[in-house]
Amino acid sequence: MRDLDVAIVGAGAAGIGMALALQKVPGLNFGVFEAGRIGESFRRWPAQTRFITPSFHSNPFGLADLNAVNEPSSPAIHSGAEHPSGAQYADYLAFVAQGHALPVASYCKIAAVHPVPGGGFLLDTPKGTLRAGFLIWATGEFQFPDLTPFAGAAWCPHYALVADWNHFDARRYTVIGGYESGVDAAINLARLGREVRLLVRKSTWDQQASHDPSLSLSPYSRQRLYEAADSGRLEIVFGVDVIGVTRHDKGGFRIHAGDGRYWDERQAPILGTGFAKGGGARQIAGLWAWDDDGRVLLTEADESTITPGLFLVGPQVRHDQRIYCFIYKFRQRFAMIAQGIAQCLDKDIGALQSPGGAWGPFGNSECCEGCEC
Ligand SMILES: Cc1cc2nc3c(=O)[nH]c(=O)nc-3n(C[C@H](O)[C@H](O)[C@H](O)COP(=O)(O)OP(=O)(O)OC[C@H]3O[C@@H](n4cnc5c(N)ncnc54)[C@H](O)[C@@H]3O)c2cc1C
């Protein structure tokens with residue numbers, strides 16, 4: 001049986017970034033296990049989707065590219081794009097992994113995890129069982145869409161399952177959801193000349209909303225949304241809580257709102273309604289404690305509160321008001337987790353320590369979004 005100090009499950013931005021941090025610990029025996037290819041989720045983004053956080057090679061001046069998974073690399077340099085596509089970003093991750101000779105096993109889905117009494121984990125892989133002292137779960141959210149947000153949603157294509165908006169070639173569509181994925185779907189359809197109706201509960205882009213892009217629409221999406229609205233092809237309907245979609249006997253669909261309004265469409269509406277709470281952490285649901293809102297509870301060190309040695313990295317991490325759902329946010333946690341594990345194993349952590357106190361390798365690691373500090 002293969003025996004590792006640390007197993008990372010998932011080779012997306014979180015898994016690759018975490019592996020680069022672990023690599024700084026001398027003598028640490030770790031591996032990354034990926035169900036598909038490196039950056040698999042990014043490869044599955046709709047062809048027209050672009051990063052909303054801009055990439056820029058400001059690294060030599062101490063400001064890491066917002067989308068980089070380690071301090072020296074830059075997706076902007078690698079892809080030559082300020083707003084990389086999913087495929088460009090996946091290529092960047094694969095390039096970094098190769099350049100650092102990271103031990104990544106592709107097409108190696110972890111089917112089950114069994115905590116070992118007294119410490120450590122047994123992992124079921126397609127090639128047999130693997131033992132790891134520590135487990136870092138980095139399986140993201142994108143491949144775990146919420147496909148049943150309301151009755152009749154089964155008729156509706158979900159954003160996360162769309163390969164290319166060119167395949168949506170009818171004259172008009174309705175999109176449900178007013179945050180990044182719904183808005184992105186509406187923008188791209190409008191750009192392709194479709195008439196689009198966007199149904200939203202409330203504006204996530206008015207100036208009163210939070211400045212945190214985890215709660216309000218990013219500037220990049222706002223700008224594109226205004227352009228789509230100016231084209232005359234985008235209608236936005238506010239205050240809509242969709243409670244169901246029914247199918248007409250003669251074809252077509254009726255979209256029902258909670259306040260009694262409805263819209264009839266020939267095409268099923270598109271779901272930009274989000275992902276399952278907890279995302280890929282649901283795969284090992286019994287190893288975490290969950291709050292009433294369906295989110296994973298973590299210690300201050302991002303460890304499971306009920307399974308010692310199990311850590312979560314990626315967009316599902318939350319601490320009070322802090323929501324780490326962007327790469328520039330969750331990468332702040334890599335060094336801390338690597339350091340904690342290395343200390344448990346009595347390894348040297350010198351290469352992980354940054355001299356500046358609260359200033360971590362990617363900036364202020366203790367920053368609070370509301371700028372209370
Ligand atoms: C449309 C869209 C636009 C976005 N734009 C931005 C942006 O501009 N900037 C930004 O910072 N963030 C953005 N995000 C969020 C960002 O994509 C995510 O935060 C990021 O992908 C999370 O990285 P991750 O590594 O946690 O997850 P993923 O990239 O999803 O990686 C998880 C990996 O785990 C693998 N996996 C899952 N289960 C298993 C298993 N059991 N065994 C083995 N492997 C497994 C998957 O195949 C996948 O490769 C965007 C998200 C969306 C949906």
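Worth saying up front: this structure is predicted, and the values here are computed from it rather than measured. (Residues numbered from 1 in each chain as written. Predicted model: local features only at pLDDT ≥ 70, side-chain atom pairs only at ≥ 80, totals over all residues. Heavy atoms only, no water.)

A. Fine view of the overall build of the protein chain. Along its length, the protein chain carries 8 helices and 20 strands. In summary, the protein chain has a C-alpha radius of gyration of 22 Å against a globular reference of 21 Å for 373 residues, a match within 12%. In the form shown here, the protein chain has an accessible surface area of approximately 17100 Å², with 52% of it arising from carbon and sulfur atoms. Of the charged side chains in the protein chain, 33 are positive and 38 negative; the average position of the first set lies 6 Å away from that of the second. (Helix = DSSP H or I, 4+ residues; strand = E, 2+ residues; numbered from the N terminus. Rg over C-alpha atoms; globule rule 2.2 N^0.38 Å. Areas by Shrake-Rupley, 256 points an atom, 1.4 Å probe, with all protein chains shown as cover. Lys, Arg positive; Asp, Glu negative; His and termini not counted. Charge placed at Lys NZ, Arg CZ, Asp CG, Glu CD.)

B. Region of interest: the pairing of strand β2 (residues 30–33). Side chains of β2 alternate between two faces, with F30 and V32 and G31 and F33 buried alike. Sheet analysis places strand β1 (residues 2–9) next to β2, joined by 4 bridges and oriented parallel. Residue pairing for β2: V6 is matched across the bridge by F30. Handedness of the β1-helix α1 (residues 13–22)-β2 crossover: right-handed. (Buried < 20%, exposed > 50% of the residue type's maximum accessible area, 1.4 Å probe, protein only. Pairing = 2+ DSSP bridges. Right-handed = clockwise from strand over helix to strand, strands pointing away.)

C. Seen up close, the nonpolar core. In this structure, M18, I136 and W137 are the most contacted members of the largest nonpolar core, which totals 89 residues. When residues of this core are assigned to domains, at least three map to each of domain 1 (2–143 + 276–364) and domain 2 (153–271). When residues no more than four places from it in sequence are discounted, the contact partners of I136 are V6, A7, I8, V9, M18, L22, F311, V313, I337 and I341. Listed in part, the 15 residues of the second largest apolar core include C156, V237, I255 and L271. (Core = buried A, V, L, I, M, F, W, Y, C linked by side-chain atoms within 4.5 Å. Domains from an automatic or database assignment. Contact = heavy atoms within 4.5 Å.)

D. Structural detail: the site of the ligand. Close contacts around the ligand come from 35 residues, with E34, S41, I52, T53 and I327 the closest. Within the contact set of the ligand, a nitrogen atom lies 2.7 Å away from a side-chain nitrogen or oxygen of T53. In the model, an oxygen atom of the ligand is placed 2.7 Å from a nitrogen or oxygen of the I327 main chain. Notes on the ligand: free accessible area 990 Å², of which the protein chains cover 93%. Its residues placed into classes, the shell around the ligand shows 21 nonpolar, 11 polar and 3 charged. (Near = heavy atom within 4 Å. Polar contact = N/O pair within 3.5 Å; in protein donor to acceptor, adjacent residues only side chain to side chain. Nonpolar A, V, L, I, M, F, W, Y, C, P; charged D, E, K, R; others polar.)

E. Here's a closer look at the pattern of salt bridges. Considering all chains together, one arrives at 18 salt bridges under this definition. A salt bridge links D184 to R224; the shortest N-O distance between them is 3.1 Å. On the criterion of sequence distance, the pair formed by D184 in helix α5 (residues 180–191) and R224 in helix α6 (residues 219–230) is long-range, its members being 40 residues apart. Of the residues examined, D184 reaches a relative accessible area of 4% and is grouped as buried. Taking the shortest distance from any N to any O, the salt bridge between R191 and E227 comes out at 4.0 Å. With R191 in helix α5 and E227 in helix α6, the pair connects residues that are 36 residues apart, well separated along the chain. (Salt bridge = Lys/Arg side-chain N within 4 Å of Asp/Glu carboxyl O.)

F. Structural view of helix α4 (residues 86–99). The end-to-end C-alpha separation of α4 is 20 Å, in line with the 20 Å expected for 14 residues at 1.5 Å each. Burial in α4 covers these residues: G86, Y89, A90, Y92, L93, V96 and A97. Projection of α4 onto a plane perpendicular to its axis shows the buried side chains occupying an angular sector of 155°, all on one side. Turned more than 90 degrees from where α4 packs its buried face, F95, Q98 and G99 sit exposed. Elements that come into contact with the buried residues of α4 comprise α1, α2 (40–43), α3 (75–79) and α7 (327–330). A101 sits one or two residues past α4 and shows a positive phi near 50°. (Expected span 1.5 Å × (residues − 1). Arc of directions from axis to C-beta.)

G. Up close: the domain arrangement of the protein chain. One can read the domain layout of the protein chain as domain 1 (2–143 + 276–364) and domain 2 (153–271). Of note, the centres of domain 1 and domain 2, computed from C-alpha atoms alone, are 31 Å apart. Facing the 16 residues of domain 1 at the interface are 19 residues of domain 2. Of the roughly 1300 Å² buried between domain 1 and domain 2, counting both surfaces, carbon and sulfur atoms make up 56%. Of all residues in domain 1, the largest losses of buried area upon contact with domain 2 belong to P46, Q48 and I52, amounting jointly to 43% of the total for that side. Counting the contacts that link domain 1 with domain 2 gives 0 salt bridges. (Buried area = accessible area lost by both parts, 1.4 Å probe.)

H. Summary view of the packing of α1 against helix α8 (residues 334–344). In the contact formed by α1 and α8, the axes pass within 9 Å of each other and the chain directions differ by 50°. Between α1 and α8, the angle falls in the class oblique. With respect to the hand of their crossing, α1 and α8 are arranged in right-handed fashion. Here A13, A14, G17, M18, A21 and L22 of α1 lie close against α8, whose contacting residues are F334, A335, I337 and A338. (Axes fitted to C-alpha atoms, helices over the stretch in contact; angles between N-to-C directions. Parallel < 35°, antiparallel > 145°, perpendicular 65-115°, else oblique. Left-handed = near helix turned anticlockwise from the far one by under 90°.)

I. Seen up close, the side chain of S221. Here S221 lies in helix α6. For S221, a relative accessible area of 0% corresponds to the buried category. Polar side-chain contacts of S221 include one of 2.5 Å to the side chain of E180. Non-local contacts of S221, meaning those with residues more than four positions away in its chain, are made with I52, E180, V183 and I187.

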